[in-house]
Amino acid sequence: MKRLEETSWQYFRATNGAVATYAFAGLCALMPIWPAVLPFCFAVGLVAFVIHHRAWQRSGECTNAWGTAMPYALALYALHVAGLAWSSNFAYAAFDLQIKAPLLLLPAVWFILPGASADWRALFRIFIAGNIIAVCICCALLLWRFLTYAEFDATQQMYGERWSVLIHPSYFALYLCFALALLFLEGKGGMTGLIVQGGILCIGVVLCGSKMGWALLPVVLFIALWAERGDRRIRRAVSALLVASAIGATGLLITSSGARERIVEAWHAAVEPDRHADATTSSEVRKLAWVGAWDVVIAAPVLGAGTGDVKDELMAAYGERGYTHLVERRINAHSQYLQLWAALGPLGLLLMVVMLLIPMIDGYRSKRTIVVLFFALNAINWTVESMLEVQAGTMFFTFFAFLLATGQGRSLSAPMNTPDQRT
């Protein structure tokens with residue numbers, strides 16, 4: 001049989017089976033569009049993947065296992081299970097372990113099937129397409145509301161949660177930034193196609209209203225520009241997007257009072273030492289949550305509050321300080337670092353940092369730009385969001401960490417436009 005090109009969809013399907021292929025494709029496409037169906041796609045895809053590769057006929061060896069996130073993700077999940085020993089709220093513990101199940105299942109499959117690696121770029125392209133479709137849906141819904149409601153204020157409705165109606169804007173902005181990185185570091189296409197696709201993704205990041213997304217967007221574009229500096233096609237496309245993004249962001253700040261208020265609010269929260277217990281703005285709420293989480297850390301400095309009790313302890317800490325809004329909304333620590341530290345002590349924090357840092361270092365040494373960017377984007381976003389506490393964050397991180405651990409990343413210094421250099 002004629003050998004299929006490694007980057008083709010047909011090759012991917014032939015390698016991993018039709019059921020696993022379409023289930024994982026659905027997972028990538030629907031991640032920013034319809035999060036509720038992700039557990040179904042994940043379960044079907046994982047079972048079909050294992051069956052197709054016949055786990056009971058294991059072959060191959062795990063290479064560079066300690067340079068990936070897989071062993072540390074397993075250890076972190078095991079520590080969450082151990083955290084049941086000093087927990088009393090087993091209902092919340094069961095929920096937490098369910099949310100974090102990908103940290104167990106995907107690394108386990110990775111170790112069981114070390115020879116099942118394949119070119120995952122077919123899924124990368126689908127993830128990019130899913131994010132583009134999600135941006136178009138949000139823009140279409142915005143236009144519909146503008147045409148339908150006479151009192152519609154576009155300057156207040158065109159960004160943030162009012163625009164990102166499919167998924168929380170902080171997570172959507174993270175997805176979009178990673179999709180941009182994939183587009184330029186792992187993708188294909190002419191300059192026009194790259195500009196159009198990249199332009200839609202950039203618009204999405206700006207309209208998400210995520211301050212972290214706004215900060216990371218130019219970083220991703222500049223890294224892509226530097227990494228692909230030898231490719232005129234990508235160099236021109238990224239340069240055009242950098243200029244357009246700067247103009248668009250400036251225009252949004254000029255025309256939207258809401259956008260300006262978010263910047264002013266973040267600045268005040270950063271420079272003002274006083275904390276208002278009744279604060280409701282996102283930046284001030286984060287400051288209050290961090291204070292409450294630190295109280296929990298101090299109260300249980302060695303083992304943490306426990307897998308099941310951390311939420312209760314956070315609510316108690318908020319209540320003691322009079323943070324009624326945080327208690328009513330049951331706000332988490334709003335920092336994954338503080339969340340893990342409060343729940344499982346310094347060992348939990350250390351495992352999570354290692355899970356992020358080691359693959360980043362390995363990716364840098366092997367000149368795999370996309371690996372470095374993926375873990376860096378997660379590490380930075382986790383400073384202001386407890387992303388492993390919700391399905392949208394855990395599924396995204398673990399699934400793509402799994403793909404990057406088995407696939408081949410682009411080289412920082414590799415020349416472009418030759419098929420064999422993308423395998």
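Residues numbered from 1 in each chain as written. Predicted model: local features only at pLDDT ≥ 70, side-chain atom pairs only at ≥ 80, totals over all residues. Heavy atoms only, no water.

### Some words on the overall build of the chain
We apply this condition: Only DSSP runs of H or I with at least four residues qualify as helices, and only runs of E with at least two residues qualify as strands; both kinds are numbered from the N terminus onward. In this scheme, a residue with accessible area under 20% of its type's maximum is buried, one over 50% is exposed, and one in between is partly exposed, where area comes from a 1.4 Å probe on protein chains only. Working rule for contacts: check all heavy atoms of both residues, and any pair within 4.5 Å makes them a contact. Residue-level accessible areas treat just the shown protein chains as cover; the underlying method is Shrake-Rupley with a 1.4 Å probe.
Within the chain one finds 19 helices and zero strands. When each of the 423 residues of the chain is scored for burial, the buried share is 53%. Taking the intrachain contacts of the chain between residues at least 6 apart in sequence as the baseline, contacts between residues at least 24 apart amount to 75%. Carbon and sulfur atoms provide 65% of the accessible area of the chain, an area that totals close to 18,400 Å².

### A short note on the side chain of Thr307
Structurally, Thr307 is set in the loop between helix 14 (282-299) and helix 15 (310-321). Of the residues examined, Thr307 reaches a relative accessible area of 2% and is grouped as buried. Contact partners of Thr307, with chain neighbours within four places excluded, come to Leu79, His80, Gly83, Leu84, Ser87, Tyr92, Ala93, Asp96, Ala343 and Leu344.

### What to know about empty space enclosed by the protein
Defined as follows: Both site types are read off a 1 Å grid over the protein atoms alone. A 1.4 Å probe that fits but cannot get out defines a cavity, while an open set with protein on both sides within 12 Å along at least five of seven lines defines a pocket; lining residues have an atom within 4 Å of a point. Grid points are joined across faces, edges and corners, and a volume is the space filled by probe spheres set on the points. Put simply, Ala, Val, Leu, Ile, Met, Phe, Trp, Tyr, Cys and Pro go in the nonpolar bin, Asp, Glu, Lys and Arg in the charged bin, and everything else, Gly too, in the polar bin.
Using the criterion set out here, one finds three cavities of 30 Å³ or more in the structure. Considered as a void within the structure, the second largest cavity measures approximately 40 Å³ in volume. For the lining of the second largest cavity, the secondary structure elements donating two or more residues are helix 5 (90-99) and helix 17 (336-365). Its residues placed into classes, the lining of the second largest cavity shows three nonpolar, three polar and three charged.

### A few points about the confidence of the model for the chain
Applied cut-off: As a per-residue measure, pLDDT tells how confident the predictor is, with possible values from 0 to 100.
Averaged over all residues, the pLDDT of the chain is 85; the fraction at 70 or higher stands at 82%. Averaged over each element, pLDDT in the chain is lowest for helix 13 (residues 257-271) (60) and highest for helix 4 (residues 70-82) (97). The model gives residues 1-6 a pLDDT under 50, and that stretch makes eight contacts with residues more than four places away or in other chains. Counted against residues more than four places away or in other chains, residues 408-423, with its pLDDT under 50, gives 45 contacts.

### A short note on helix 15
Put simply, the rule is: Helix span, as expected, comes to 1.5 Å for every residue beyond the first. Summarising the geometry, the arc corresponds to the directions from the helix axis toward the C-beta atoms.
When the terminal C-alpha atoms of helix 15 are compared, their 17 Å separation across twelve residues agrees well with the 16 Å that a helix rising 1.5 Å per residue should span. By the burial criterion, the buried members of helix 15 are Val310, Lys311, Leu314, Met315, Ala317 and Tyr318. Taken down its axis, helix 15 places every buried residue within 160° of arc, on the same side. Where the residues of helix 15 are buried, they touch helix 5, helix 14, helix 16 (324-329) and helix 17. Looking at the residues trailing helix 15, positive phi occurs at Gly322, about 80°.

### Side note on the pattern of salt bridges
For side chains bearing opposite charge, pairing can occur when the charged atoms are close. Inclusion rule: By definition here, a salt bridge exists when the distance from a side-chain nitrogen of Lys or Arg to a carboxyl oxygen of Asp or Glu is within 4 Å.
Counted by the stated rule, this structure contains five salt bridges. Two residues, Lys100 and Asp96, come together in a salt bridge whose shortest N-O distance is 2.5 Å. The salt bridge partner of Glu385 is Arg286, with a shortest N-O separation of 2.3 Å. Highlighted residues: Glu385 in the loop between helix 18 (369-381) and helix 19 (391-406) and Arg286 in helix 14, separated in sequence by 99 residues. The residues Glu385 and Arg286 share a single accessibility class, namely buried. When salt bridges that share partners are traced, they join Asp96, Lys100 and Glu389 into one network.

### With respect to the packing of helix 4 against helix 17
We count it as follows: Structural elements are reduced to axes, namely lines fitted to C-alpha atoms, with helices fitted over the stretch in contact, and the angle between N-to-C directions of any two is expressed from 0 to 180 degrees. These descriptions rest on fixed angle ranges, namely under 35 degrees for roughly parallel, over 145 for roughly antiparallel, 65 to 115 for roughly perpendicular, and the rest for oblique.
For the pair helix 4 and helix 17, the least separation of the axes is 9 Å and the interaxial angle reads 170°. On the basis of their axis angle, the class for helix 4 and helix 17 is roughly antiparallel. Two secondary-structure elements touch here, helix 4 through Tyr72, Ala73, Ala75, Leu76, Leu79 and His80 and helix 17 through Leu340, Leu344, Leu347, Gly348, Leu351, Met352, Val354, Met355 and Ile358. By residue class, the composition of the contact of helix 4 with helix 17 is 13 nonpolar, two polar and no charged.

### Quick word on the nonpolar core
Threshold: Nonpolar cores were defined as sets of buried Ala, Val, Leu, Ile, Met, Phe, Trp, Tyr and Cys residues, with membership established by side-chain atoms within 4.5 Å.
Formed by 132 residues in total, the largest nonpolar core has its most connected members in Leu123, Phe127, Phe184, Met355 and Phe400. Considering each element in turn, this core owes the most residues, 15 residues, to helix 9 (residues 169-185). When neighbours within four sequence positions are excluded, Phe184 is seen to be in contact with Leu194, Leu221, Ala224, Glu228, Ile234, Ala237, Val238 and Leu241.

### Re the environment of Gly393
Tracing the sequence through the fold places Gly393 in helix 19. The class of Gly393 is buried, set by a relative accessible area of 4%. Each C-alpha atom, one on Gly393 and one on Lys100, is 9.5 Å from the other, the two residues being 293 residues apart in sequence. Residues contacting Gly393, with those up to four places away along its chain left out, are Tyr171, Met387 and Leu388.

### What to know about the packing of helix 4 against helix 6 (residues 102-112)
Note the cut-off: Crossing handedness: left-handed means the near helix sits turned counterclockwise from the far one by under a right angle, and right-handed means the same turn made clockwise.
Contact pair helix 4 / helix 6: the axes reach a minimum separation of 8 Å and the direction vectors enclose 140°. Considering the angle they form, helix 4 stands oblique to helix 6. Relative to helix 6, the crossing made by helix 4 is left-handed. Listed contacts from helix 6 to Met70, Pro71, Ala73, Leu74, Leu76 and Tyr77 of helix 4 are Leu103, Leu104, Leu106, Pro107, Ala108, Trp110 and Phe111. Residue classes in the contact of helix 4 with helix 6 are distributed as 13 nonpolar, no polar and no charged.

### A word on the packing of aromatic side chains
To be explicit about the condition: Pairing of aromatic side chains here covers Phe, Tyr and the six-membered ring of Trp, requires ring centres within 6.5 Å, and sorts the geometry by plane angle: under 30 degrees stacked, over 60 edge-to-face, intermediate tilted.
A complete count under the given rule lists 25 aromatic pairs for this structure. Between the aromatic rings of Phe374 and Phe375, the centroid separation amounts to 5.0 Å while the plane-to-plane angle is 85°, which identifies the pairing as edge-to-face. What makes Phe375 buried here is its relative accessible area of 2%.

### So, the environment of Leu180
Relative to the helices and strands, Leu180 is located in helix 9. In sequence terms Leu180 and Val238 are 58 residues apart; their C-alpha atoms lie 9.9 Å from each other. Those residues in contact with Leu180, other than ones at most four positions away along the chain, are Gly198, Leu201, Cys202, Leu217, Val220 and Leu221.

### Brief notes about unusual backbone geometry
Residues other than glycine seldom take positive phi values, yet His334 does so here, at roughly 55°. Inspection of the secondary structure assignment puts His334 in the loop between helix 16 and helix 17. Of note in the backbone geometry, Lys367 takes a positive phi value of approximately 60° without being a glycine. Relative to the helices and strands, Lys367 resides in the loop between helix 17 and helix 18.

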